[in-house]
Amino acid sequence: MTIKSFILGALMALCAASPAAAASSITINGSTTVLPIVQKSAEHFMASYPDISVILSGGGSGTGLKSLLDGITDVAMSSRDLKPSEQRLAAGKNMRLVRTTIAVDALVPVVSPKNPVTDLSLEQLRDIFAGRITNWKDVGGNDGAIVVVNRDNSSGTYECWKELVMKDARVMPGALTQASNGGVVQNVATNPNAIGYIGMGYLNATVKSLSIGGVRATAASALARQWPLSRELYLFTSGTPAGGTAKFMDFMLDPRLGQQDVLKAGYVPIAK
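Draft legend 1. How the structure looks around the overall build of the protein. Looking only at helices and strands, the protein features 10 helices and 12 strands. For 272 residues, the compact-globule estimate of 2.2 N^0.38 gives 19 Å, and the C-alpha radius of gyration of the protein, at 19 Å, lies within 12% of that figure. Counting only C-alpha atoms and orienting by the principal axes, one finds that the protein spans roughly 70 × 40 × 35 Å. The proportion of buried residues among the 272 residues of the protein is 50%. Long-range contacts, defined as pairs at least 24 residues apart, comprise 74% of the intrachain contacts of the protein with a sequence gap of at least 6. In the form shown here, the protein has an accessible surface area of approximately 12000 Å², with 53% of it arising from carbon and sulfur atoms. The average position of the 25 basic charges and that of the 20 acidic charges among the side chains of the protein differ by 1 Å.

Here it is, written out as structure tokens:
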């Protein structure tokens, strides 16, 4: 099911509700990394609570948090924590943003399966994305100019990559910018000289994950924080969730329900 058809279906269900059983709705917006988890859970949640519709869209962590701060979404999906500027904006509006961790993710560097490179160090990744290493032969690959695929500035995945990999370095100006994990996968899969980074839930056979310093990205290494690019995935609300939103948050954290959707989406559950 596409996100477009999913939103349309939710809206149709809301409009079709009889006055005697008028549906309430939950609007969720934000991170494309968190999106596959919440989409699965939303489908299962609406099957259990037919009187509550979930209207879901992506757009990036920054977009979701802005929507929450502007009062136009009930829940913001985010693959990063709040920025100081967002905290100040919330304080200025007398809003208390509540963060709920729903999963653990491994941010994974990926290349084409045709690329012979299998492992890079954090320093090599930093130098590649900064434009200091520009040919694959310099890191044990074929002779070919490296094509860097980056995420846009509203992406929480980009913010994590900047913090964990780039440190004080800037991503090279010539990098290709993508608005979603799926866009990165598509670009990398079709270019044997490309490199990008994605949430582990987007890994598939069209791209090859790289190990970092001999460590592979797995559920176990992410949960144990042995993978150097491990991170938590969040849902933010304004204040303590109530009503249908509280039911959805409880559903997401239930080991038998939402946490199973985390696993099915390719991420690491946090509930035992």
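Draft legend 2. Region of interest: unusual backbone geometry. Phi at K167 is positive, roughly 55°, even though this residue is not glycine. Within the secondary structure layout, K167 lies in the loop between α6 (156-166) and β7 (176-178). Of note in the backbone geometry, R225 takes a positive phi value of approximately 60° without being a glycine. Checked against the element boundaries, R225 lands in the loop between α8 (219-223) and β11 (230-238).

Draft legend 3. Representation of the environment of L210 in the model. With respect to the helices, strands and loops of the structure, L210 is situated in the loop between β9 (208-209) and β10 (211-212). What makes L210 buried here is its relative accessible area of 1%. Sequence spacing of L210 and D119 is 91 residues, and the spatial spacing of their C-alpha atoms is 5.2 Å. Ignoring sequence-local partners within four residues, the contact set of L210 consists of P109, V111, V117, T118, D119, L120, I195 and W227.

Draft legend 4. Main features of the environment of V149. Mapped onto the fold, V149 is located in strand β6 (residues 147-151). Judged by its relative accessible area of 1%, V149 is buried. Along the sequence, V149 and Y197 sit 48 residues apart, while their C-alpha atoms lie 7.7 Å from each other. Setting aside its immediate chain neighbours within four residues, V149 contacts F129, L176, Q178, V184, N187, V188, A194, I195, G196 and Y197.

Draft legend 5. Local environment of the side chain of D261. Residue position: D261 is located in helix α10 (residues 258-264). The charged side chain of D261 is buried without a salt bridge, its nearest counter-charge being K264 at 4.5 Å.

Draft legend 6. Inspection of the pattern of salt bridges at higher detail. For the coordinates displayed, the defined rule picks out 10 salt bridges. Residue E159 is joined to K162 by a salt bridge in which the shortest nitrogen-to-oxygen separation is 3.5 Å. Of this pair, E159 and K162 both sit in helix α6, three residues apart, which is roughly one turn of the helix. On the basis of relative accessibility, which here comes to 14%, the residue E159 falls in the buried class. The residue R225 makes a salt bridge to E232 at a minimum N-O spacing of 3.5 Å. A relative accessible area of 25% places E232 in the partly exposed class. It is possible to trace a salt-bridge network through shared partners that takes in K66, D70 and K93.

Draft legend 7. A look at the packing of helix α5 (residues 122-130) against α6. Where α5 meets α6, the closest approach of the two axes is 9 Å, and the angle between their N-to-C directions is 120°. The orientation of α5 with respect to α6, classified from their angle, is oblique. On the side of α5, the interface is formed by L122, L125, R126, F129 and A130, while α6 contributes W161, V165 and M166. Of the residues in the contact of α5 with α6, the class split is seven nonpolar, no polar and one charged.

Draft legend 8. Representation of the nonpolar core. Counting residues in hydrophobic clusters, the biggest one holds 67 residues, and the most contacted among them are I195, L235 and F248. Within the second largest apolar cluster, 10 residues are counted, among which are L65, A76, L97 and F236.

Draft legend 9. Helix α7 (residues 181-189), seen in detail. Of the residues making up α7, those classed as buried are N181, G183, V184, V185 and V188. On its buried face, α7 sits against β4 (97-111), β6, α6, β7 and β8 (194-199).

Conventions used here
- Residue indices begin from 1 for each chain and proceed along its sequence in written order.
- Local features are withheld for residues below a pLDDT of 70 in this predicted model, meaning they are given only at 70 or higher, and side-chain atom pairs are given and counted only at 80 or more; totals for whole chains, interfaces and linings count all residues.
- As a convention, hydrogens and water are excluded, and side-chain values are obtained from all of the structure's heavy atoms.
- Numbering of helices and strands runs from the N terminus, with a helix taken as a DSSP run of H or I at least four residues long and a strand as a DSSP run of E at least two residues long.
- Values of the radius of gyration come from C-alpha atoms, whereas the globule rule sets the reference at 2.2 Å times the count of residues to the power 0.38.
- Note on exposure labels: buried denotes an accessible area under 20% of the residue type's maximum, exposed denotes more than 50%, and partly exposed covers the range between, all computed with a 1.4 Å probe on protein chains only.
- In what follows, residue pairs with any heavy atoms lying within 4.5 Å of each other are defined as contacts.
- Each accessible area is a Shrake-Rupley result for a 1.4 Å probe, and residues are judged covered by the shown protein chains and nothing else.
- By the counting scheme adopted, Arg and Lys are positive, Glu and Asp are negative, and His together with the chain ends is not counted.
- All charge positions are set by atom: Lys at NZ, Arg at CZ, Asp at CG, Glu at CD.
- By definition, a salt bridge exists where a carboxyl oxygen of Asp or Glu is found within 4 Å of a side-chain nitrogen of Lys or Arg.
- Fitted lines through C-alpha atoms give the axes, limited to the stretch in contact for helices. The angle between two N-to-C directions lies from 0 to 180 degrees.
- To sort the angles, those under 35 degrees are grouped as roughly parallel, those over 145 as roughly antiparallel, those from 65 to 115 as roughly perpendicular, and the leftovers as oblique.
- Amino acid classes used here: Ala, Val, Leu, Ile, Met, Phe, Trp, Tyr, Cys and Pro are nonpolar; Asp, Glu, Lys and Arg are charged; the rest, including Gly, are polar.
- Side-chain atoms within 4.5 Å are what join buried Ala, Val, Leu, Ile, Met, Phe, Trp, Tyr and Cys residues into a set we call a nonpolar core.

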